[in-house]
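# Per-entry structural report
Spelled out from the first residue to the last, the chains are:
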Amino acid sequence: MNTNSNVYTVVYTTIVVVIVAALLAIVSQKLGPMQQANEKAETISQILTAAQFAEKEHWKEIGNAQTIKFFEENVEDASKIWSTSDLKALNYKIKDGNITAGELPCYKFNNGVTVLPIYGAGLWGPVWGYIALDSDLRTIVGAYFDHDSETPGLGGKIKDDPSFRAQFAGKKVIYGEGEPFSIVKGGAPAGKENAVDAITGATMTSKGLSAAIATWLGAYQETINKAEEE
């Protein structure tokens, strides 16, 4: 075959593309389970951090297998771990009012702590996280938040600044008085049980996270009320 012909070029290019595609498919198939395990362990570590079992660094240190094992041994129902893409899809349903209490994910642990996920929009991309409630389903015991692209040193502090998350411990979720919980620019009013201070210089991220928390906690109101009646 004439190596300078157009036919040769097309055939050669096609063969290379097929080989590369096949190699990528093989690599993806091999790495897929590992990536899924990493994503599952990352989500679980965030849930466990919110529930105050240990700080995030601890779960990273002990590794995926031990993190997942601890979770499964301490949670009442570990049938499904909701990924961020799952939460994103559910967020649309919540905002559209097209959701039932039975569709909402929650993680109840043997010590009585229940962890609820939240998801919403920050300044540059999605923000999400977990609010952990004590057995009364009103008192917050801890929280953990994450993001895709918030500004380091500003909006990124929802994840990186422990003092921001620490504000949530001991606060309350209060229904029937406007938003069940809020993040307040300029500082939460003194004595307000269901609010924390926003991050200075991160108005839009704080506002987006506050809206996400209020929206998701509002969606859980029926579930919480029903649990209290039982």
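Heads up: the structure comes first, above all this text.
To keep things clear, this report deals only with the structure shown in the data block.

The rules behind each value
- For every chain, the first residue of its written sequence is number 1, and the numbers climb from 1 along that sequence.
- At least 70 in pLDDT is required for a residue's local features to be given in this predicted model, at least 80 for side-chain atom pairs to be given and counted, and no such filter applies to totals for whole chains, interfaces and linings, which use all residues.
- As a rule here, side-chain values cover all heavy atoms of the structure and leave hydrogens and water aside.
- A carboxyl oxygen of Asp or Glu within 4 Å of a side-chain nitrogen of Lys or Arg is what we treat as a salt bridge.
- Helix and strand assignments follow DSSP, with helices taken as H or I runs no shorter than four residues and strands as E runs no shorter than two, numbered in order from the N terminus.
- Under the scheme applied here, a residue whose accessible area is under 20% of the maximum for its type counts as buried, over 50% as exposed, and between as partly exposed, the area being computed with a 1.4 Å probe on protein chains only.
- To qualify as a nonpolar core, a set must consist of buried Ala, Val, Leu, Ile, Met, Phe, Trp, Tyr and Cys residues joined through side-chain atoms within 4.5 Å.
- We call two residues in contact whenever any of their non-hydrogen atoms come within 4.5 Å of each other.
- Any two strands are treated as partners once DSSP identifies two or more bridges connecting them.
- Identification of polar contacts relies on pairs of N or O atoms within 3.5 Å, with a donor-acceptor requirement for protein atoms, meaning one able to donate a hydrogen and the other able to accept it, and with residues adjacent in sequence counted only if both atoms are side-chain atoms.

Applying the stated criterion across every chain, the model contains 6 salt bridges. A salt bridge links Lys40 to Glu72; the shortest N-O distance between them is 4.0 Å. Of this pair, Lys40 sits in helix H1 (residues 6-50) while Glu72 sits in helix H3 (residues 64-74), placing them 32 residues apart in sequence. Judged by its relative accessible area of 46%, Glu72 falls in the partly exposed class. Notably, a salt bridge pairs Asp136 with Lys172, separated by 4.0 Å at the nearest N-O pair. Residue Asp136 is found in the loop between strand S3 (126-133) and strand S4 (140-147), and its partner Lys172 is found in the loop between helix H6 (162-166) and strand S5 (182-184); the two are separated by 36 residues along the sequence. A relative accessible area of 32% means that Asp136 is categorised as partly exposed.

Bringing the nonpolar core into the picture now. Within the largest apolar cluster, 54 residues are counted, with the highest numbers of intra-cluster contacts made by Tyr107, Phe145, Phe168 and Ile213. Elements with a contribution of two residues or more to this core: H1, H3, helix H4 (84-96), strand S2 (114-121), S3, S4 and helix H7 (203-219). The contact partners of Phe168, leaving out residues within four places of it in the chain, are Ile131, Ile140, Ala143, Phe145, Phe181, Ile183, Val196 and Ile213.

Summarising burial for S4: 7 of the 8 residues are buried, a large majority. Alignment of S3 against S4, held across 7 bridges, turns out to be antiparallel. Across the sheet, Leu133 pairs through a bridge with Ile140, a residue of S4. Taken together, S3 and the strand that follows it, S4, pair antiparallel across an intervening segment of 6 residues, in which Leu137 is found at a positive phi of about 60°.

Residue placement: Asp146 occurs in strand S4. Judged by its relative accessible area of 6%, Asp146 falls in the buried class. Among the polar contacts made by the side chain of Asp146, one reaches the side chain of Gln46 at a distance of 2.9 Å. Those residues in contact with Asp146, other than ones at most four positions away along the chain, are Glu42, Gln46, Val127, Trp128, Ile158 and Lys159.

Let us now look at the pairing of S2. For S2, the buried fraction is high: 7 of the 8 residues fall into the buried class. Taken together, strand S1 (residues 107-108) and the strand that follows it, S2, pair antiparallel across an intervening segment of 5 residues, in which Gly112 is found at a positive phi of about 95°. Pairing between S2 and S3: 8 bridges, direction antiparallel. In the sheet register, Leu116 faces S3, and the bridge partner there is Ile131. In this antiparallel pair of consecutive strands, S2 and S3, the connection spans 4 residues.

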